[in-house]
Amino acid sequence: MKNTIIVAIAILLFSCTKKLPPVHPDIISEKVQYDTDDPAIWIHPTDASKSIVFGTDKDIDGAIYAFDLEGKIIPSKVIENIKYPNNIDLEYGFKLNDSVTTDIIVFTERERNRIRLFSVPDMKPIDNGGFPVFEDETTLELRRPMGIGLYKSPVDHNISAIVSRKSGPENEYLYQYQIISDSLGVRTKLIRKFGKFSTKKEIEAIAVDDELGFVYYADEGVGIRKYYADPKKGNDELAFFGGEYFEDDIEGIAIASKPEGNGVLIVSDQQKGQFNVFSRKDNSFIKAINLGTNETDGCEVTTVPLNTTFGKGLFVAMNNEQNFYFYNLEKLGL
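Rules used in this analysis
- Residues numbered from 1 in each chain as written.
- Predicted model: local features only at pLDDT ≥ 70, side-chain atom pairs only at ≥ 80, totals over all residues.
- Heavy atoms only, no water.
- Pairing = 2+ DSSP bridges.
- Helix = DSSP H or I, 4+ residues; strand = E, 2+ residues; numbered from the N terminus.
- Axes fitted to C-alpha atoms, helices over the stretch in contact; angles between N-to-C directions.
- Salt bridge = Lys/Arg side-chain N within 4 Å of Asp/Glu carboxyl O.
- Contact = heavy atoms within 4.5 Å.
- Buried < 20%, exposed > 50% of the residue type's maximum accessible area, 1.4 Å probe, protein only.
- Phe/Tyr/Trp six-rings, centres within 6.5 Å; stacked < 30°, edge-to-face > 60°.
- Lys NZ or Arg CZ within 6 Å of the ring centre and 35° of its normal.

A. Representation of the sheet that holds strand β10 (residues 145–152) within the structure. Read from one edge to the other, the open sheet built from 4 strands follows the order β10-β11-β12-β13, with strand pairing classed as antiparallel. Of all the strands in the sheet, the pair left with one neighbour each is β10 and β13 (185–194). Each strand of the sheet is rotated relative to its neighbour by a mean of 25 degrees, with strand direction disregarded. Bridging between strand β12 (residues 174–182) and β13 involves 9 bridges; their strand directions are antiparallel. Of the residues in β13, the one forming a bridge with Ile180 is Arg187.

Given below as structure tokens:
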């Protein structure tokens, strides 16, 4: 009887840790120099086949890499000499003045305690060297930025950056900065501190749903937290979910939006090497997917058709071999 129980427990443990059959990528990008982390997808306004995938390369002499849809590095679009870039996000139509707008990428530069802002696709810095974050903190560890998510208000079209850090308090872990362009140039203004933290690990992954007005972030050791992205709607936590479906670290979050509020959140289950999928409408668990990646940090998705390879959209996931995996979204069965 005792041996039977032991065997039964062993089978149960094996079934809990066994990976699902892998879905293979359509494209594997060229390798970066050091350590990939987080991607962002820029969709070309007139020819989607010319869209660009950006990805961070973490190191004291790091970079923001740019890839075409074949996974080839675009040397003219690479931003070099960045001191430990961590996470990146992208937004469209940032208003520089009354007559000029530009798409932008914003990324964290951890070793300089700053966020950086570049125009896309010309890759010009428009931040005068970067904007300091968490300036009111006196401890260095509490000032080192990691995750970032951009929010564009559907009401006034202002763009703000929600930033997390390497370590922080139980409350007000995240800071939100409005990005402003006026007669003084481009600058940032702190407009909110918010967000609970379990104190168990750290907070890195942030994803913003512009259409529905929510921000999600991974409290890595315990679950996914959900808040309003608009500071005017308050700082109350709206949902806390998903932790029981992850083996260990909860990492990158990507939002695949569909009409009428449908779609999914795709979240990296880092140590298990899989992704958990949750409903965009009610945050309920849908399924897990094994995409064959190893130790995935960041991921990103678009539901826009791009070319013949990515005719139903594109999902990009960091892989722990200095590269990124590209998938036709249809292969994920979502």
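Once the structure has been displayed, the description carries forward.
B. Here's a closer look at the pattern of salt bridges. Scanning the model with the defined rule gives 19 salt bridges in all. The structure contains a network of salt bridges with shared partners spanning Asp35, Asp37, Lys58 and Asp297.

C. Structural view of the environment of Ile179. Tracing the chain through its elements places Ile179 in strand β12. Through-space distance from the C-alpha of Ile179 to that of Phe131 is 9.8 Å; in sequence the pair is 48 residues apart. Excluding its chain neighbours within four sequence positions, the residues that come into contact with Ile179 are Phe94, Ile104, Val106, Leu117, Leu150, Ile159, Ser160, Ala161, Val186, Arg187 and Thr188.

D. Highlighting the pairing of strand β22 (residues 299–302). In β22, alternate side chains face the same way, and those of Cys299 and Val301 on one face and Glu300 and Thr302 on the other are all buried. Of the pairings in the sheet, the one linking β22 to strand β23 (residues 314–319) comprises 4 bridges and is antiparallel in character. Looking across to β23, one finds that Cys299 is bridged to Ala317.

E. How the structure looks around the sheet that holds β22. Here 4 strands make up an open sheet; going across it, the order is β1-β24-β23-β22 and the pairing antiparallel. Both outer strands of the open sheet, β1 (27–28) and β22, are each paired with one neighbouring strand and no more.

F. Structural detail: unusual backbone geometry. For the bond from Val120 to Pro121, the omega torsion is 10 degrees, close enough to zero to count as cis. Locating Pro121 in the fold gives a position in the loop between β8 (114–120) and β9 (131–132). In the Ramachandran plot, Glu260 falls in the positive-phi region, its phi being about 60 degrees despite a non-glycine side chain. Looking at the element boundaries, Glu260 is found in the loop between β18 (250–257) and β19 (263–269). Residue classification places Glu260 among the exposed positions, given a relative accessible area of 71%. Residue Gln322 is not a glycine yet carries a positive backbone phi of 65 degrees. Among the structural elements, Gln322 can be located in the loop between β23 and β24 (323–328). Among the residues examined, Gln322 registers a relative accessible area of 28% and is labelled partly exposed.

G. Here's a closer look at the packing of aromatic side chains. Scanning the model with the defined rule gives 19 aromatic pairs in all. Pairing Tyr245 with Phe285 gives two aromatic rings, centres 4.0 Å apart and planes at 10 degrees, and the pair type is stacked. A residue pair is termed long-range when its members are at least 10 positions apart, and Tyr245 in the loop between β17 (239–241) and β18 and Phe285 in strand β21 (residues 285–289) qualify at 40 residues. Geometrically, the ring pair formed by Phe246 and Phe278 is stacked, given 6.2 Å between the ring centres and 20 degrees between the ring planes. A residue pair is termed long-range when its members are at least 10 positions apart, and Phe246 in the loop between β17 and β18 and Phe278 in strand β20 (residues 274–279) qualify at 32 residues. Across the pair, Phe278 and Phe246 agree in class, each one buried. What links up through ring pairs into an aromatic cluster is the set Tyr216, Phe241, Tyr245, Phe246, Phe278 and Phe285. Sitting over the ring of Tyr173, Arg165 keeps its end group 5.5 Å from the ring centre. Directly above the aromatic system of Phe194 lies the positively charged group of Arg192, at a separation of 3.7 Å from the ring centroid.

Coordinates in, geometry out; function isn't part of it.
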